[in-house]
Amino acid sequence: SASHSKNLFACLIGDRPLGIDLQHGRKMDLAKISARYFAEEEAELVRKLGAAAFFRLWTRKEAYSKYTGNGLADVMRGISVLDRNDVEFLDFQWEKDIYCSCCVKKEMDVREKAVSYLNSRPRTRQEVIRHLKDKGFDENEILETVDELEQYHYIDDLAYSRMYFEYGFQKGRGRMRIRRELAEK
């Protein structure tokens, strides 16, 4: 993603979707522009905090539009860039009246990643541990998370085994094959 404003140029490179915007502050009718293009809570913030809030939100909106690839028209129709759960913003000011915002997909923590993995189908404890290790999470965090998920029965190896045996028998598999397959899980 790239952006420029007057004599400045910014570029953001990564291995996942991202966006960057750079703006020089300037005099304009902030209330009018905010009322037309910003979500209500954003326009209220501009009314309270003025130009700094306006340019912070404007750069976020442009960075978000580059992140999504949908263009500014979608964002300007009222999608708020405040308190988003799907992305993270890194906002900074280079100098007086030079604003910049970067937008990247929010990384899931170990618990969110585990629950997301379990959403598609039941999994064994070992499957979840293997998946989280493959995602690069710390082993202690993984074990704490898996223990917690077992406590609340999101992971239940006994129930999983029963379900797997039933399914295997319905498909005509023998006990030895089912045991072998379960041992691999």
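Report follows, based on the coordinates. (Residues numbered from 1 in each chain as written. Predicted model: local features only at pLDDT ≥ 70, side-chain atom pairs only at ≥ 80, totals over all residues. Heavy atoms only, no water.)

1. Overview of the pattern of salt bridges
All told, the structure shown has 14 salt bridges when counted by the stated rule. With its nearest N and O atoms 2.9 Å apart, the salt bridge here joins R84 to D86. A relative accessible area of 23% places R84 in the partly exposed class. For D86, a relative accessible area of 33% puts it in the partly exposed group. E181 is the salt-bridge partner of R173, the closest N and O atoms lying 3.6 Å from each other. In the salt-bridge network here, residues are joined through shared partners; they are E40, E44 and R47. (Salt bridge = Lys/Arg side-chain N within 4 Å of Asp/Glu carboxyl O. Buried < 20%, exposed > 50% of the residue type's maximum accessible area, 1.4 Å probe, protein only.)

2. Topic: the side chain of T59
Locating T59 in the fold gives a position in helix 3 (residues 51–68). Overall, the relative accessible area of 0% leaves T59 in the buried class. The residues contacting T59, other than those within four sequence positions of it, are D21, Q23, Y99, C100 and S101. (Helix = DSSP H or I, 4+ residues; strand = E, 2+ residues; numbered from the N terminus. Contact = heavy atoms within 4.5 Å.)

3. Notes on the packing of helix 8 (residues 157–170) against helix 9 (residues 175–184)
Their axes nearest at 10 Å, the elements helix 8 and helix 9 cross at an angle of 140°. Classified by the interaxial angle, the pair formed by helix 8 and helix 9 is oblique. Judged by the twist between their axes, the crossing of helix 8 over helix 9 is right-handed. Across the interface between the two elements, Y160, S161, Y164, F165, G168 and F169 of helix 8 pack against R175, I178, R179, E181 and L182 of helix 9. (Axes fitted to C-alpha atoms, helices over the stretch in contact; angles between N-to-C directions. Parallel < 35°, antiparallel > 145°, perpendicular 65-115°, else oblique. Left-handed = near helix turned anticlockwise from the far one by under 90°.)

4. Considerations on helix 3
Between the first and last C-alpha of helix 3 there are 26 Å, a value that for 18 residues agrees with the 26 Å anticipated at 1.5 Å per step. A positive phi of about 80° marks G69, the residue just after helix 3. (Expected span 1.5 Å × (residues − 1).)

5. Things to note about the packing of helix 2 (residues 40–49) against helix 3
Following both chains from N to C, one finds helix 2 and helix 3 inclined at 150°, their axes separated by 6 Å at the closest point. Regarding the angle of helix 2 to helix 3, the classification is roughly antiparallel. Between helix 2 and helix 3, the residues in contact are E42, L45, V46 and L49 and A51, A52, A53, F54, L57 and K61, respectively.

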